[in-house]
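# Structural description and commentary
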Amino acid sequence: MPALTPGTLYLVATPIGSLEDITLRALRTLKECDVVAAEDTRRTALLLKHFGISKPLRSYFQFNEAKRSEEIIARLGRGEKVALVTDAGSPGISDPGQRVVRAALDAGFGVEPVPGACALVAALTASGLPTDEFHFIGFLPHKSGQRRSRLEALKSFSGTIVLYESPYRIEKLLAELTEIFSDRSVVLARELTKKFEEFLRGKPAELLEMAKRRSLKGEFVVLIDNSPPGALLPLVL
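Residues numbered from 1 in each chain as written. Predicted model: local features only at pLDDT ≥ 70, side-chain atom pairs only at ≥ 80, totals over all residues. Heavy atoms only, no water.

## Thoughts on unusual backbone geometry
Put simply, the rule is: Labels follow the DSSP assignment, with helices taken as runs of H or I lasting at least four residues and strands as runs of E lasting at least two, numbered in each case from the N terminus.
The phi dihedral of Ser94 is positive, around 55 degrees, even though this residue is not glycine. Assignment of secondary structure puts Ser94 in the loop between β4 (81-85) and α4 (98-106). Residues other than glycine seldom take positive phi values, yet Glu191 does so here, at roughly 55 degrees. Tracing the backbone shows Glu191 in the loop between β8 (186-190) and β9 (198-202).

See the structure below:
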């Protein structure tokens, strides 16, 4: 494999659950880079320690993106090789990263993806819902009015709609889906690649009742089948 290129930003995907999610290329990039920009330096430090890697860490998260982007661009200008990681999955997908990627490209520096685990792809491919057309929304707004408006707008999309949701708002989301997508098949994917990975399938109202009966923990990928009627056989619980 060729050595890392000086003055390049590497977007390194990290495990979304199982540490075995990491790729050989990701490990090599983390070993050979000059510095690692991390969403949570404490969490990344544990990951690096597990794989016997020692590298300088710099925080890069939502509230210091502007300042850190300037620092990263300066490092690239000095010919450094910078690896950007988030807590889980690919940088820039509902996580920090987009700002520094744009800044690096605008400044004429190279940006290379080091692909790997991604909750969106893992959930979609195992969901049983259409994969030929899908729309990734990320996290919905927190405010109820904005959430409802966003969900109502999504009714015009065809194919599979994919959302991320926290365990603290999953019941709220299922109640909203019961009103807006009542006749649609929904899949909840949680704890992906972890010991208690689970896929729950059904109509929104059925899943809402299930959520009320048991405690659903972990981060969720929520998939809604909004394809034309008859495109796929209905999913069963």
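## So, the environment of Arg148
In plain terms, the rule: Two residues qualify as a contact provided that any one of their heavy atoms is within 4.5 Å of a heavy atom in the partner residue.
Tracing the sequence through the fold places Arg148 in helix α6 (residues 144-154). In the structure, Arg148 is positioned 54 residues away from Ser94 in sequence and 20 Å away in space, judged by C-alpha atoms. Ignoring sequence-local partners within four residues, the contact set of Arg148 consists of Glu179 and Ile180.

## Digging into the side chain of Glu176
What counts here: A simple rule labels every residue: compare its accessible area, found with a 1.4 Å probe on the protein chains alone, to the largest value its type can have, and call it buried under 20%, exposed over 50%, or partly exposed in between.
Here Glu176 shows up in helix α7 (residues 170-180). Note on Glu176: relative accessible area 11%, which makes it buried. Those residues in contact with Glu176, other than ones at most four positions away along the chain, are Arg147 and Leu151.

## Looking at the environment of Ala117
Inspection of the secondary structure assignment puts Ala117 in the loop between β5 (110-114) and α5 (119-127). Residue Ala117 is classed as buried on the basis of its relative accessible area of 14%. Linking Ala117 and Glu80, residues 37 residues apart in sequence, is a C-alpha distance of 26 Å. If we skip the residues at most four places from it in the chain, Ala117 touches Ala13, Thr14, Ile16, Asp21, Gly89 and Ser90.

## A few points about the pairing of β4
To be explicit about the condition: For two strands to be treated as a pair, DSSP must find no fewer than two bridges joining them.
Taking burial as the measure, the 5 residues of β4 include 5 buried ones, the bulk of the element. Burial along β4 is two-sided: the face carrying Lys81, Ala83 and Val85 and the face carrying Val82 and Leu84 are both buried. As paired strands, strand β1 (residues 8-12) and β4 are joined by 4 bridges and run parallel to one another. Among the inter-strand pairings, Tyr10 is bridged to a residue of β4, identified as Ala83. Pairing geometry for strand β2 (residues 35-38) and β4, over 4 bridges, is parallel. By the bridge assignment, Val35 is partnered in β4 with Val82.

## Quick notes on helix α8 (residues 204-213)
For an α-helix the count is 3.6 residues per turn, leaving residues at separations of three or four pointing the same way. Our working rule: In this context, the arc is that of the directions from the helix axis out to the C-beta atoms.
The complete set of buried residues in α8 reads Pro204, Leu207, Leu208, Met210 and Ala211. An end-on view of α8 places all buried positions within 160 degrees of arc, on one side of the element. Among the exposed residues of α8, those pointing more than 90 degrees away from its buried face are Lys212 and Arg213. Considering only its buried residues, α8 is in contact with α7, β8 and β9.

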